[in-house]
Amino acid sequence: AQTVTQSQPEMSVQEAETVTLSCTYDTSENNYYLFWYKQPPSRQMILVIRQEAYKQQNATENRFSVNFQKAAKSFSLKISDSQLGDTAMYFCAFMKKEYGNKLVFGAGTILRVKS
Amino acid sequence: KAGVTQTPRYLIKTRGQQVTLSCSPISGHRSVSWYQQTPGQGLQFLFEYFSETQRNKGNFPGRFSGRQFSNSRSEMNVSTLELGDSALYLCASSLELTGVGTEAFFGQGTRLTVV
């Protein structure tokens, strides 16, 4: 079974600064996907960024980028130029690349952006 | 394009009762997954439906069931409600079933409170 661990329950960052959220996972699979989802107080889960395990290049989406270390089973999220609207719970998630869209989530990290 | 719609948004039920939650996926999406979110257990996968058939199931008791209709809309039913069933229930829709890195789009959830 796959497990996803987010070791930082809460983090704070000043507006315009950079913050990195950590995520490690455990799997025996070779083909899989990793995701970061954001859940603001509105509860709407929003996909932030996606990484395919077979791609060595780290994914980027505007101010969001990941550091994917497959051998170390690490998948951290870097948020640059943090904005107040980035305040949310962030979940790291794993999906096997096979039959089905089942996501295995970490416990989440609450990120607070301060002005 | 309309997003994933979950109804109702809030629900209060009494122990022992049963409840039905509804999810309308994004038009054209054929896979619907359900997740339970609680402060203690985090986000846990309940089940996934595709083409009116359950394709994946999480580790929940048989009191939790679901179904999918020919228009891809899905319902989730919980019978003999327990206090521990109080949670946010999230529905996610995906375009297809097979693992092509399909993005899961989430609804805003149904907040169920069992008293």
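Residues numbered from 1 in each chain as written. Chains lettered and ligands numbered in written order. Predicted model: local features only at pLDDT ≥ 70, side-chain atom pairs only at ≥ 80, totals over all residues. Heavy atoms only, no water.

A. Highlighting the interface of chain A and chain B. At the junction of the two partners, chain A supplies 20 residues and chain B supplies 28 residues. Overall, the association of chain A and chain B removes approximately 2100 Å² of surface from exposure, summing both partners, and the carbon and sulfur fraction of that is 49%. Run the count over chain A and chain B and you get zero salt bridges. Put simply, the parts of the chain that give the side of chain A that touches chain B at least two residues each are strand 5 (32-39), strand 6 (46-52) and strand 10 (88-96) of chain A. When residues in the side of chain A that touches chain B are grouped by element, the largest group, four residues, is from strand 5 of chain A. Looking at the side of chain A that touches chain B residue by residue, the class counts come to ten nonpolar, five polar and five charged. (Contact = heavy atoms within 4.5 Å. Buried area = accessible area lost by both parts, 1.4 Å probe. Salt bridge = Lys/Arg side-chain N within 4 Å of Asp/Glu carboxyl O. Helix = DSSP H or I, 4+ residues; strand = E, 2+ residues; numbered from the N terminus. Nonpolar A, V, L, I, M, F, W, Y, C, P; charged D, E, K, R; others polar.)

B. Summary view of unusual backbone geometry. In this structure, Pro8(B) follows Thr7(B) across a cis peptide bond, with omega equal to -10 degrees. Tracing the backbone through its elements, the reader meets Pro8(B) in the loop between strand 1 (5-7) and strand 2 (10-13). Look at Asp81(A): it is not a glycine, yet its phi comes out positive at around 50 degrees. The residue Asp81(A) is located in the loop between strand 9 (74-79) and strand 10 in this model.

C. How the structure looks around the packing of aromatic side chains. Residue and element names in this part refer to chain A. In the structure shown here, the tally under the stated rule is 16 aromatic pairs over all chains. With a centroid separation of 6.0 Å and 85 degrees between ring planes, the pair formed by Phe91 and Phe105 is classed as edge-to-face. Taken as a pair, Phe91 in strand 10 and Phe105 in strand 11 (residues 104-105) lie far apart in primary sequence, 14 residues in all. Of the two residues examined, Phe91 and Phe105, each falls in the buried class. Taking relative accessible area as the criterion, Phe105 reaches 8% and is therefore assigned buried. (Phe/Tyr/Trp six-rings, centres within 6.5 Å; stacked < 30°, edge-to-face > 60°. Buried < 20%, exposed > 50% of the residue type's maximum accessible area, 1.4 Å probe, protein only.)

D. Representation of the pairing of strand 10 of chain A. All names here are of chain A. Across the nine residues of strand 10, seven count as buried, placing the element largely inside the fold. For strand 5 and strand 10, the ladder comprises eight bridges, and the chain directions are antiparallel. Pairing of Phe35 across the sheet is with Ala93, part of strand 10. Relative to strand 12 (residues 109-114), strand 10 runs antiparallel, the two being bridged by three bridges. Counterpart to Tyr90 in the pairing with strand 12 is Thr109. Pairing of strand 10 with strand 11, which is carried by two bridges, proceeds in the antiparallel orientation. Bridge pairing in strand 11 places Ala93 opposite Phe105. (Pairing = 2+ DSSP bridges.)

E. Spotlight on the nonpolar core. Core analysis: the biggest nonpolar cluster contains 26 residues, and Tyr25(A), Trp36(A), Phe75(A), Leu77(A) and Tyr90(A) have the highest contact counts within it. Where this core is concerned, the elements lending two or more residues are strand 3 (19-21), strand 5, strand 6, strand 8 (64-69), strand 9, strand 10 and strand 12 of chain A. One finds Val19(B), Leu46(B), Val78(B) and Tyr89(B) within the second-largest nonpolar core, a separate group that totals 21 residues. (Core = buried A, V, L, I, M, F, W, Y, C linked by side-chain atoms within 4.5 Å.)

F. Region of the structure containing the environment of Gly85(A). Mapped onto the secondary structure, Gly85(A) falls in the loop between strand 9 and strand 10. Taking the C-alpha atoms as reference points, Gly85(A) and Arg112(A), 27 residues apart in sequence, are found 9.4 Å from one another.

Note that every value here comes from positions in space, so none of it alone points to a role or purpose.
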